[in-house]
Amino acid sequence: MAQDGEQKIKIGVCVMEKKATSSPMRRILERLEAFGEFEIIIFGDKVILEDPIESWPICDCLIAFYSSGYPLQKVKNYVALRKPFLVNELEPQHLLHDRTKVYERLEMYGIPVPNYALINREYPYQELDYFVEHEDFVEILGKRFQKPFVEKPIDGDNHSIMIYYPSSAGGGMKELFRKVGNRSSEFHPEVRRVRRESSYIYEEFMPTGGTDVKVYTVGPDYAHAEARKSPVVDGVVMRNPDGKEVRYPVLLTPDEKQMARDVCNAFQQAVCGFDLLRFKGRSYVCDVNGWSFVKNSHKYYDDAACLLRKIILDAKAPHLSSTIPPNLPWKVNEPALPSDGLTRQGSGIIGTFGQSEELRCVIAIIRHGDRTPKQKVKLKVTEEKLLNLMLKYNGGNTKAETKLKSAVQLQDLLDATRLLVPRASSGLESDSDAEDMEHADKLHQVKAVLEEGGHFSGIYRKAQLKPLKWVKASKPDGGGEFEQPVEALMVLKYGGVLTHAGRKQAEELGRYFRNNMYPGEGTGLLRLHSTYRHDLKIYSSDEGRVQMSAAAFAKGLLDLEGQLTPILVSLVSKESSMLDGLEDARSEMKVAKARLHDIIISEGKSVIRNGNSGSPWMVDGAGLPANASQLLPLLVQLTKKITSQVKLLAENEDEKLATSKYTVLPPYDQAKALGKSTIDAARIAAGLPCGSEGFLLMHARWKKLERDLYNERKDRYDVTQIPDIYDSCKYDLVHNAHLNLEGLPELFKVAQLLADGVIPNEYGINPKQKLKIGSKVARRLLGKILIDLRNTREEAISVGEPNYNQEETDLQFRPLNKNEHTRRSNSTCDNSPKQNDDDDYDRETKYRLDPKYANVKTPERHVRTRLYFTSESHIHSLMNVLRFCNLDESIQGEDSLVCSSALERLFKTRELDYMSHIVLRMFENIEVSLEDPKRFRIEMTFSHGADLSPLQNHDYEAACLLQEHTLPIMGPERLQEAGSYLTLDKFEKMIRPFAMPAEDFPPAVHQAFSGYFSRSGGVLERLASLWPFHRSSSNSFK
């Protein structure tokens, strides 16, 4: 705010009225004015076009940029007369009207551009001897451009751009133009020859997967990027339900952020936009637009206003603080977000130790959000229709199993199942024997699962058919015999879908991270992925619920707008080999579960629990209730009670459907549900189960639990079913409390007592076994964490070395020399420090960031953030390694990484519920020497997630959340004593024996940028199915 009596800084807006009154400009100017330090003066068209410059308003700072009809030379004369500070310099704006000059300036600064050549005509249709056109290529000065190639007018104001296609693809030409309604391009199949009316640039066509990337800068240290459907696809502009063009937030690589800075400096335009092409792992600038703002993004407007304020204050009032205020003046009266309070505060955020420490790295391993119970149907099938379906999709291989995932495959399975299950049959009654009744029951369940939702949107159902028995049969052509399958095992997996509550939990946790994990960043004001200082990557396992949790978290973390699918497509990388599966520890877990069964069943019958009684978590089976075996019969009894009630509800529902006297709600749409963060009130009001589950499937869920928990014929309990019973209990207490199932709270209490002991022990019956299993499950993830920390340390050290000269970082308006140009051009693909870096990386550090960046002591250092979204198994495994790593024989005499009080808390916690997470933050003390072990410190925190019991007495906030079927997330807790100092060296020493060595990781493979739109006809199907968007596991580990 301007101090009392201090004159406000006058900002003149000397642009055409159409631009000055545009929504983005108005919103940003309103925010600037709200600071109270500026007076905004709009010149207007009459002043600009008609009045002499001597009568124009006098201002301290001028916003001026060219648009159609703008008298650029007249404005330059005004600037020469009054000498205001310019946000965007005027002289370089002439360059933007000539695409040749744009490319020349880009090349001068070492910014990669597409491979191109110039045709310069002095008059229309001038024949040039250095230009030759053939059917499928043109040749310019001996340089050949094969079709498809791009033809651009040199005139930057001419937006008619052509793409010419080869005859092998049918030939023709596509014209790109500025949007007209819902069109942005038109295909002309009859046009084969290039234009000759004017001068043109010809350049190589780069297939980018149908995606354009638009980058918007506000000063050299801020770059916001969005992807949109490219007009080269089909020319149809993709719009959301509000009629606005769909754009996707994208992360820029460090090299792309450097390119943004260089574009900003090369053209001396603080506020500008440019187009990026991503092709074969590299990025190229193909157009620079001058003054450009992001549309329809309130967060961007906030960022832009704060950054423009700093730029202007630094230039005109350096005595005033340009630090971003914690409370923005235009947000003072805004109501609090409705999800505030979902994440609780904990004791775990320690923060920096004094002013000498700065955050360098944030690594978080996060479990997915609230989900529906995971389900599985197994049945042996002999029906010919199902056996033929198996052969249809396995290529006729009678010995091979078949996996059915696609919509077409699942539709075939549904069609076959419908013929086998009469519509009038409920599947709950049968005059046949028990085995036939169970088979009909399961077929009815398969049909219900496949019909769920009315269509196959999103892959949350998959089936397997595996042949079991064969008979000899004659081949149809009489050419001998073959083994024909007569029986197969069908396994249908479904459920485990992220709920509306899970989405809300993930989004709110992301918002909490933004506001609490980054000291010195204000209140999470600037988007982390837009500021030059942050290097963010998000990884997810293969499971849909995990990927959608990652997308929702990213939305909250980065303060993004819109639906989850575009965010998932743009920002989340799938890494199944690191974050999925228990295969490497399957045998050890089997041994642990067998021992667990013996302890529970034989409790009180001379089973000896090994371990140290001084630490209760050191004994075998720690955490199991003393009366575990006595609780099992009660668990069976209460489970049967719930199953019988749900069976009646299912029979009533089936009867109402059969008699057509029941008003049925529209089918539950899973794809639309992913975009919601609130309950489906209509289903709740109608007395139906929450979400997509009907009573038939709800009964099948409980019937399977009842059947698998206890085998009456063998008088045997399966204790591995206890976690699933607890899972179903908690789900129904949170989401289906309105059904008032009698005995459900009692069942939950019993299941919770048992599950609190069973679940932790499934990952090892004692600490040494937990460490062994944990190291096998999390070995790759632990290796990747060490790589993250090492890369951050190496980058920080390279910046902190004595030969690093901060004065050399200011490259403003200085062109690169030839050698620098070569180095920059060759570095586009690889931007992360490796173990064996060459000297180029050390020299590159001085091109990172202007040291005058706002409110940061050492801005040339990046803050590396790596987020890993996974399942409960990996959270348990990682935590077990962290707390028990000192028990390994290779580490002698070391204390645990986790302090004793935290070990006790972890033992008492036991359940690591939805959104539980482990966070490692690395700080650098810049006042100690580079060789000092205390240069880098690790802080470890954890949260046990949303483990609040739905039966507890809650405070008002929690009670309100529970009405929305949502449980709050517990805040982070410290894993170290307050004031303790865990060095990076010690952390590496303790973890390295259990981590995959860096040299065992596959080398980085740079793939072509996989765009989000291949053909317009497949857009909706691809958006619905989600899976094709994710990058493969061969992505670079950076």
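Worth saying up front: this structure is predicted, and the values here are computed from it rather than measured.

About the cut-offs
- Residues numbered from 1 in each chain as written.
- Predicted model: local features only at pLDDT ≥ 70, side-chain atom pairs only at ≥ 80, totals over all residues.
- Heavy atoms only, no water.
- pLDDT = per-residue confidence, 0-100.
- Contact = heavy atoms within 4.5 Å.
- Helix = DSSP H or I, 4+ residues; strand = E, 2+ residues; numbered from the N terminus.
- Expected span 1.5 Å × (residues − 1).
- Bend = angle between axes of the 7 residues up to and from the residue.
- Buried < 20%, exposed > 50% of the residue type's maximum accessible area, 1.4 Å probe, protein only.
- Salt bridge = Lys/Arg side-chain N within 4 Å of Asp/Glu carboxyl O.

All right, on to the confidence of the model for the protein chain then. Chain-level pLDDT for the protein chain is 81 on average; 79% of the residues reach the 70-or-more range. Note that pLDDT drops below 50 for residues 804–856; the model gives that stretch 115 contacts with residues more than four away or on any other chain. This stretch, residues 1004–1037, has a pLDDT under 50; its non-local contacts, to residues over four places away or in other chains, come to 91 contacts.

On to helix α21 (residues 744–761), then. Between its terminal C-alpha atoms α21 stretches 25 Å, which fits the 26 Å expected from 18 residues at 1.5 Å a residue. The sharpest bend along α21 measures roughly 35 degrees and falls at Ala 755. Burial runs high along α21: 13 of the 18 residues are buried.

Moving on, we come to the pattern of salt bridges. Taken as a whole and judged by the stated rule, the model has 53 salt bridges. Lys 392 is the partner of Asp 412 in a salt bridge, and the nearest nitrogen-oxygen pair spans 2.7 Å. One end of the pair, Asp 412, is in helix α9 (residues 407–420); the other, Lys 392, is in helix α8 (residues 384–393), and 20 residues separate them in sequence. Judged by relative accessible area, which is 52%, Lys 392 ranks as exposed. Of the charged contacts, one joins Asp 788 and Lys 784 as a salt bridge, the two residues approaching to 2.6 Å between their closest N and O atoms. With a gap of 4 residues between them, Asp 788 and Lys 784 both fall in helix α23 (residues 779–800), about one helical turn apart. Relative accessible area serves as the criterion here: at 0%, Asp 788 is assigned to the buried category. We classify Lys 784 as buried; its relative accessible area is 0%.

So, on to unusual backbone geometry. In this chain, Lys 147 is followed by Pro 148 through a cis amide linkage whose omega measures 5 degrees. One non-glycine residue with positive phi stands out, namely Lys 280, at about 55 degrees. A positive phi is found at His 965, a non-glycine position, where the angle reads about 65 degrees. The residue His 965 is located in the loop between α28 (956–963) and β31 (973–974) in this model.

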